[in-house]
Amino acid sequence: MKYNLVKSIFDRVFSLSILILIFPILVLIGILIFIKMGKPIFFRQQRPGFKRKSFTLIKFRTMSLKKNKFGELLPDEERLNNFGKFLRKYSLDELPSLINILKGDISFIGPRPLLIEYLPLYNEFQNKRHNVKPGFSGWAQIKGRNMISWDKRFELDIWYVDNQNFFLDLKIFFITIWKTIFSEGVTTKEGKTMSPFKGNKL
């Protein structure tokens, strides 16, 4: 518990420092999104946090709002243009999530916050991922990100929950920077982002 308190203080101080430092970059990305895709600039979505409490995750928008003749959004791969792919490749779309860290919704390191609609699909083991704050990056991200199966992702998330400590968080932090620079694990082997979680097989 003591470590989590120190971690929370560090998260907020460090996120504020980074936000101040990269503010011009955030403004530039926002302007480019407006020029290339229009409004809105930000993507907001409800995600489950600590103890399954929901919060609004903030990211830069990477996909257009193109719809078919029935008024339905086109598939993700058809709405993701080259600029959006660039933002995702280098995780630039994630930068506004520093605001979530500053607010205390998430931490720099922890299991990535998934979708609200997945909550009823988790078993008891998988639900343990909510025993800590979700993270900007995590153990599963540096072990494969979108390249690994859902079962492996949950296994890695729960391992982190059971073993989190300062040196592990520091290791994940620096490996995350390395993998972001070289954009490792952004897409699956099929060239698409991670497929939706559909629950556990009986």
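Predicted model only: the values in this text are computed from it and were never measured.

## Points about the nonpolar core
Side chains of nonpolar character tend, in soluble globular proteins, to be buried together. Within the largest apolar cluster, 28 residues are counted, with the highest numbers of intra-cluster contacts made by Ile 33, Leu 98, Trp 139, Tyr 160 and Ile 172. Not counting the four nearest positions on each side in its chain, Trp 139 is found in contact with Leu 156, Trp 159, Tyr 160, Leu 168, Lys 171 and Ile 172. The next biggest cluster of nonpolar side chains, apart from the first, holds eight residues, and it includes Leu 114, Tyr 122, Phe 154 and Phe 197.

## Focus: helix H7 (residues 150–163)
The first and last C-alpha atoms of H7 sit 20 Å apart over 14 residues, in line with the 20 Å expected at 1.5 Å per residue. Along H7, the residues classified as buried are Trp 150, Arg 153, Phe 154, Leu 156, Asp 157, Ile 158, Tyr 160 and Val 161. Here the buried face of H7 lies against helix H1 (2–37), strand E3 (107–109), helix H5 (124–127), helix H6 (139–142) and helix H8 (166–181).

## Brief notes about the packing of aromatic side chains
Taken as a whole and judged by the stated rule, the model has 17 aromatic pairs. Taking the centre distance of 5.3 Å and the plane angle of 50° together, the rings of Trp 150 and Phe 197 count as tilted. Taken as a pair, Trp 150 in helix H7 and Phe 197 in the segment after H8 lie far apart in primary sequence, 47 residues in all. Residue Trp 150 shares its accessibility class with Phe 197, and that shared class is buried. Ring centres of Phe 154 and Phe 197 lie 5.1 Å apart, and the angle between their planes is 75°; on these two criteria the pair is classed as edge-to-face. Of this pair, Phe 154 sits in helix H7 while Phe 197 sits in the segment after H8; the two residues are 43 residues apart in sequence, bridging distant segments of the chain.

## Here's the deal with the side chain of Gln 164
Take Gln 164: it is sitting in the loop between H7 and H8. The class of Gln 164 is buried, set by a relative accessible area of 19%. Contacts of Gln 164, omitting those with residues within four sequence positions, involve Tyr 3, Asn 4, Lys 7 and Val 132.

## Considerations on the environment of Arg 44
Within the secondary structure, Arg 44 is located in strand E1 (residues 42–48). Other than its neighbours up to four places away in sequence, Arg 44 contacts Thr 56 and Leu 57.

## Overview of the packing of H7 against H8
Following both chains from N to C, one finds H7 and H8 inclined at 140°, their axes separated by 10 Å at the closest point. Considering the angle they form, H7 stands oblique to H8. Contacts between H7 and H8 involve Trp 159, Tyr 160 and Asn 163 from the former and Leu 168, Asp 169 and Ile 172 from the latter. Of the residues belonging to the contact of H7 with H8, the class tally is four nonpolar, one polar and one charged.

## Digging into a nonpolar patch on the surface
Residues Phe 166, Phe 167, Leu 170, Phe 174, Ile 177, Trp 178, Ile 181 and Phe 182 make up a contiguous nonpolar surface patch of about 890 Å² in total accessible area. Position of Phe 166 relative to the elements: it lies in helix H8. Look at Phe 166 and you get partly exposed, because its relative accessible area is 45%.

Rules of the game
Residues numbered from 1 in each chain as written. Predicted model: local features only at pLDDT ≥ 70, side-chain atom pairs only at ≥ 80, totals over all residues. Heavy atoms only, no water. Core = buried A, V, L, I, M, F, W, Y, C linked by side-chain atoms within 4.5 Å. Buried < 20%, exposed > 50% of the residue type's maximum accessible area, 1.4 Å probe, protein only. Contact = heavy atoms within 4.5 Å. Helix = DSSP H or I, 4+ residues; strand = E, 2+ residues; numbered from the N terminus. Expected span 1.5 Å × (residues − 1). Phe/Tyr/Trp six-rings, centres within 6.5 Å; stacked < 30°, edge-to-face > 60°. Axes fitted to C-alpha atoms, helices over the stretch in contact; angles between N-to-C directions. Parallel < 35°, antiparallel > 145°, perpendicular 65-115°, else oblique. Nonpolar A, V, L, I, M, F, W, Y, C, P; charged D, E, K, R; others polar. Patch = residues over 30% accessible without salt bridge, like charges linked within 9 Å, V, L, I, M, F, W, Y side chains within 5 Å. Areas by Shrake-Rupley, 256 points an atom, 1.4 Å probe, with all protein chains shown as cover. Salt bridge = Lys/Arg side-chain N within 4 Å of Asp/Glu carboxyl O.

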